[in-house]
Every structure is written in structure tokens, then in C-alpha cells.
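A structural walkthrough
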Amino acid sequence: MHELEDFQPGDVVLTPSGRRAVIQKLLSGASKHDPFARVKCRYEDGDDRDLVTLQPHQLRRCQMFQKNTALRDTFPYERSE
């Protein structure tokens, strides 16, 4: 079971419906009456307004679609001489 600390913005996850989504924001203690943590996600196959807010235990991580920041450091855009 995943907790809020297991995710960060930019992670790619699978929602309960089976759609892939990118995490936009982590919400902890969103209101006084709702103590549950939430994760705001944007569906990859939708437009920019196609959002869903779910609890972390409802999400599954997609390891093969995570951003690879090491590539940016290995292959710079500008050539240094």
C-alpha cells in the first residue's frame, strides 16, 4: 500500500480505471473535515483539464515511464569544446 511520501510531482502512475496519469500536486490535510492525503493527477491521454484527485493507496507506480534525469546530465544539448 502506497503512502503520500512514496510519490512526487512528475511521477507516472496507473489510476484505478487503468489509465496512466502524471502527478501534478500532493495534498496533505486538504481540509479540517477530511484527514486523508490526496494526489492530484492529470491523465496522459486527456487534455490539460482532465484531472483526477485520488488517495495514494489507489495508485500504482509505472516504473518504466518515470522521468530519467540522468539522461539530461549524460547528453547535454550544447557541445562543450
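So, how was this worked out
Residues numbered from 1 in each chain as written. Predicted model: local features only at pLDDT ≥ 70, side-chain atom pairs only at ≥ 80, totals over all residues. Heavy atoms only, no water. Helix = DSSP H or I, 4+ residues; strand = E, 2+ residues; numbered from the N terminus. Buried < 20%, exposed > 50% of the residue type's maximum accessible area, 1.4 Å probe, protein only. Contact = heavy atoms within 4.5 Å. Areas by Shrake-Rupley, 256 points an atom, 1.4 Å probe, with all protein chains shown as cover. Pairing = 2+ DSSP bridges.

**Section: the overall build of the chain**
- Helix and strand counts for the chain stand at one helix and five strands.
- Going from N to C terminus, the chain has its helices and strands arranged as β-β-β-β-β-α.
- The buried share among the 81 residues of the chain stands at 27%.
- Taking as baseline every contact in the chain between residues at least 6 positions apart, the subset at least 24 positions apart corresponds to 41%.
- Here the chain has roughly 6400 Å² of accessible surface; of this, 48% comes from carbon and sulfur atoms.

**What about the sheet that holds strand 4 (residues 51–54)?**
- Ordered in space as 4-3-2-1-5, the five strands form an open sheet in which the pairing is antiparallel. Both outer strands of the open sheet, strand 4 and strand 5 (60–61), are each paired with one neighbouring strand and no more.

**Quick look at the pairing of strand 3 (residues 38–43)**
- Residues Val39, Cys41 and Tyr43 line the buried face of strand 3, whereas the alternating positions Arg38, Lys40 and Arg42 sit on a face that is not buried.
- Two elements, strand 3 and strand 4, share four bridges in a ladder whose sense is antiparallel. Considered in strand 4, the bridge of Val39 is made with Leu54.

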